[in-house]
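Report on the structure
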Amino acid sequence: MKINTNNSALLISAGVPKQFPALVVPQVAFSGRSNVGKSSLINTLLARKSLAHVSGTPGKTVTVNFYNIDSKLLLVDLPGYGFAKRTYEDKKRWSALTDAYFTGNNNIDLLRCVVQLIDGKVGPTADDKQMLEYLTAAELPFIIVYTKVDKLNATQKKALKESMGKYDGASAEIMFSSETREGRDEVWNTILKMCEI
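Residues numbered from 1 in each chain as written. Predicted model: local features only at pLDDT ≥ 70, side-chain atom pairs only at ≥ 80, totals over all residues. Heavy atoms only, no water.

Right, let's talk about the pattern of salt bridges for a bit. Inspection of the entire model under this criterion finds six salt bridges. Residue Lys148 is joined to Asp119 by a salt bridge in which the shortest nitrogen-to-oxygen separation is 3.0 Å. A residue pair is termed long-range when its members are at least 10 positions apart, and Lys148 in the loop between β6 (142-147) and α4 (154-164) and Asp119 in strand β5 (residues 111-119) qualify at 29 residues. Given a relative accessible area of 2%, Asp119 falls into the buried group. (Salt bridge = Lys/Arg side-chain N within 4 Å of Asp/Glu carboxyl O. Helix = DSSP H or I, 4+ residues; strand = E, 2+ residues; numbered from the N terminus. Buried < 20%, exposed > 50% of the residue type's maximum accessible area, 1.4 Å probe, protein only.)

Right, here's the structure in full:
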């Protein structure tokens, strides 16, 4: 089955679980800390400049954004976590929305892969490791994508991977840069393989 990435659009920005779409196609969720580059990764994968809005303000995304790719795949941009300047109530609401995607989603059986992003310049945070532990415990399929690696040399990349420890549940670990497009094809091909597209 071929997929036309030019036929891509934002399907819905869901602020509450009842807005999660019922389209019966494979889903791939993107998880990571605020400002890790989820929107940039989605735009790079689809060769689009601004399909996914890249915010200059970390932690601004307060919805689960569903992108319809050729009516054959949904890319799901989850709210970023770990941004300190948000209120407790905001954090609680966003955490509940993300949790609802995994635990209260009628179509969770359509989730084929979680793309867990780790900021290559920052390294894995406690929140990142907690998310990875959750994905592993829940037996959800996931890959790890290190972002902004154009800022790193080979030694730093090696140290980054070593700082992660070992997550046996990860189907792949990929170095990615939206600036140089390093890793773009590997991420995309891994997603399509996991979705059997």
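Take the nonpolar core next. In this structure, Phe66, Tyr101, Phe102, Phe142, Ile144 and Tyr146 are the most contacted members of the largest nonpolar core, which totals 30 residues. Elements represented by at least two residues in this core include exactly β3 (64-69), β4 (73-77), α2 (88-103), β5, α3 (126-137), β6, α4 and β7 (170-175). The residues contacting Phe102, other than those within four sequence positions of it, are Leu78, Ile108, Leu111, Val114, Met131, Tyr134, Leu135 and Leu140. (Core = buried A, V, L, I, M, F, W, Y, C linked by side-chain atoms within 4.5 Å. Contact = heavy atoms within 4.5 Å.)

This part takes up the pairing of β3. Of all six residues in β3, six are buried, a share of seventy percent or more. Residues of β3 alternate between two faces, with Val64, Phe66 and Asn68 on one and Asn65, Tyr67 and Ile69 on the opposite face, all of them buried. In terms of strand pairing, strand β1 (residues 8-14) meets β3 through six bridges, oriented antiparallel. Residue pairing in the sheet places Ser13 in a bridge with Asn65 of β3. Taking the residues between adjacent antiparallel strands as the criterion, β3 and β4 are bridged by three residues, where Asp70 takes a positive phi near 60°. (Pairing = 2+ DSSP bridges.)

Time to look at unusual backbone geometry. One non-glycine residue, Ala47, lies in the positive phi region at around 55°. On the basis of relative accessible area, Ala47 is assigned to the exposed category, the value being 56%. Even without being a glycine, Ser71 presents a positive backbone phi close to 55°. Relative to the helices and strands, Ser71 is located in the loop between β3 and β4.

Helix α1 (residues 38-45) sits mainly inside the fold: seven of its eight residues count as buried. Among the residues making up α1, those that are buried are Lys38, Ser39, Leu41, Ile42, Asn43, Thr44 and Leu45. Looking at the buried side of α1, the elements it contacts are β2 (27-31), β3, β4, β5, β6 and α5 (184-194). One or two residues past the end of α1 sits Ala47, with phi positive at roughly 55°.

One open sheet holds the seven strands; their spatial order is β1-β3-β4-β2-β5-β6-β7, and the pairing between them is mixed. Where the open sheet ends on each side, the last strands, each with one partner, are β1 and β7. Between one strand axis and the next, the sheet turns by 20° as a mean value, whatever way the strands run. Together, β2, β3, β4, β5 and β6 form the strand contacts of α1, whose direction differs from that of β2 by roughly 140°. (Axes fitted to C-alpha atoms, helices over the stretch in contact; angles between N-to-C directions.)

In this section: the packing of aromatic side chains. Here the structure, examined in full by the defined rule, presents five aromatic pairs. A ring pair is formed by Phe20 and Tyr101, whose centres lie 6.0 Å apart and whose planes are at 70°; its orientation type is edge-to-face. Of the two residues, Phe20 sits in the loop between β1 and β2 while Tyr101 sits in helix α2, which places them 81 residues apart along the sequence. Neither residue differs from the other here; Phe20 and Tyr101 are each classed as buried. An angle of 75° between the planes, with centres 5.3 Å apart, marks the rings of Tyr101 and Phe102 as edge-to-face. The same class applies to Tyr101 and to Phe102, which are both buried. Ring pairing ties together the aromatic residues Phe20, Phe66, Tyr101, Phe102 and Tyr134, which thus form one cluster. (Phe/Tyr/Trp six-rings, centres within 6.5 Å; stacked < 30°, edge-to-face > 60°.)

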